[in-house]
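Residues per chain, in single letters:
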Amino acid sequence: MREIKFRGKCIKTGNLIFGSLISFDEQSKFIFQGHEAASTSSFADLVRAKMVMVEPSSVAQYTNQKNHEDIEIYEGDYVSKELDNGFDYGEFEGIVELIDGKWVINNRVNHYEELFTEIEQIEILGNVFDNPELLKRIETISN
């Protein structure tokens, strides 16, 4: 069964919070910790539950995939993987994004690889919210 959950950076502490996303508008985003309860709870239960306000730009969806170290992969993660598909060889780095209904690793220059291929080879290097300097690596690698 597909697990739908999100993460976001808590505005107060800066810690990553995991759970269900509640969005009142573009600038008001909250995550309920213990996401599995949010889908079956009444509205009153949700209001009483601990919800954490998160930085809207930091919200990322879980891809439903884990790497070889059993670490969950989220939208906005900066990852690398070894390519050996008969055409391309070497290390490929990029950002996990949803494009045309599928999760991909996008180098934002000229190429993307589907996330689901060779998932065990994926190394998570950081994410674009906590490590914006990784975006510069894409430019360096592609030049």
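Further up the page is the structure itself.
The rules behind these values
Residues numbered from 1 in each chain as written. Predicted model: local features only at pLDDT ≥ 70, side-chain atom pairs only at ≥ 80, totals over all residues. Heavy atoms only, no water. Helix = DSSP H or I, 4+ residues; strand = E, 2+ residues; numbered from the N terminus. Buried < 20%, exposed > 50% of the residue type's maximum accessible area, 1.4 Å probe, protein only. Areas by Shrake-Rupley, 256 points an atom, 1.4 Å probe, with all protein chains shown as cover. Salt bridge = Lys/Arg side-chain N within 4 Å of Asp/Glu carboxyl O. Core = buried A, V, L, I, M, F, W, Y, C linked by side-chain atoms within 4.5 Å. Contact = heavy atoms within 4.5 Å. Pairing = 2+ DSSP bridges.

Caption draft 1: View of the overall build of the chain. The helix and strand tally for the chain stands at three helices and eleven strands. Counting helices and strands in the order they occur from the N terminus, the chain gives β-β-β-α-α-β-β-β-β-β-β-β-β-α. Burial status across the chain gives 39% buried among its 143 residues. Carbon and sulfur atoms provide 51% of the accessible area of the chain, an area that totals close to 8,500 Å².

Caption draft 2: Highlighting the pattern of salt bridges. Under the definition given, this model contains six salt bridges. Among the salt bridges present, the one from Lys 9 reaches Asp 130, with a minimum N-O distance of 2.4 Å. Remark: Asp 130 occurs in the loop between β11 (123-127) and α3 (133-142) and Lys 9 occurs in strand β1 (residues 6-9); sequence separation between them is 121 residues. In this structure Asp 130 comes out as partly exposed when scored by relative accessible area, which is 32%.

Caption draft 3: Summary view of the nonpolar core. In this structure, Ile 73, Val 79, Leu 83, Phe 92, Val 96, Trp 103, Ile 105, Leu 115, Ile 119 and Ile 122 together form the largest nonpolar core, which totals ten residues. Elements supplying a minimum of two residues to this core: β7 (77-84), β8 (89-99) and β9 (102-106). Apart from residues no more than four positions distant in its own chain, Ile 73 is found in contact with Tyr 62, Thr 63, Gln 65, Lys 66, Asn 67, Val 96, Leu 115, Ile 119, Ile 122 and Ile 124. Core analysis: the next-biggest nonpolar cluster, separate from the first, contains seven residues, Ile 17, Ile 31, Val 54 and Val 59 among them.

Caption draft 4: Spotlight on the pairing of strand β5 (residues 60-66). Relative to β5, β1 is paired through two bridges, and the arrangement is antiparallel. Across the sheet, Arg 7 pairs through a bridge with Ala 60, a residue of β5. Here three bridges tie β5 to strand β6 (residues 72-74), and the two strands are oriented antiparallel to one another. By the bridge assignment for β6, Tyr 62 is matched with Tyr 74.

Caption draft 5: Spotlight on unusual backbone geometry. The backbone phi angle of Asp 70 is positive, close to 65°, even though this residue is not glycine. Secondary-structure assignment places Asp 70 in the loop between β5 and β6. Positive phi, close to 50°, is recorded for Asp 100, a residue that is not glycine. Inspection of the secondary structure puts Asp 100 in the loop between β8 and β9. Given a relative accessible area of 69%, Asp 100 falls into the exposed group.

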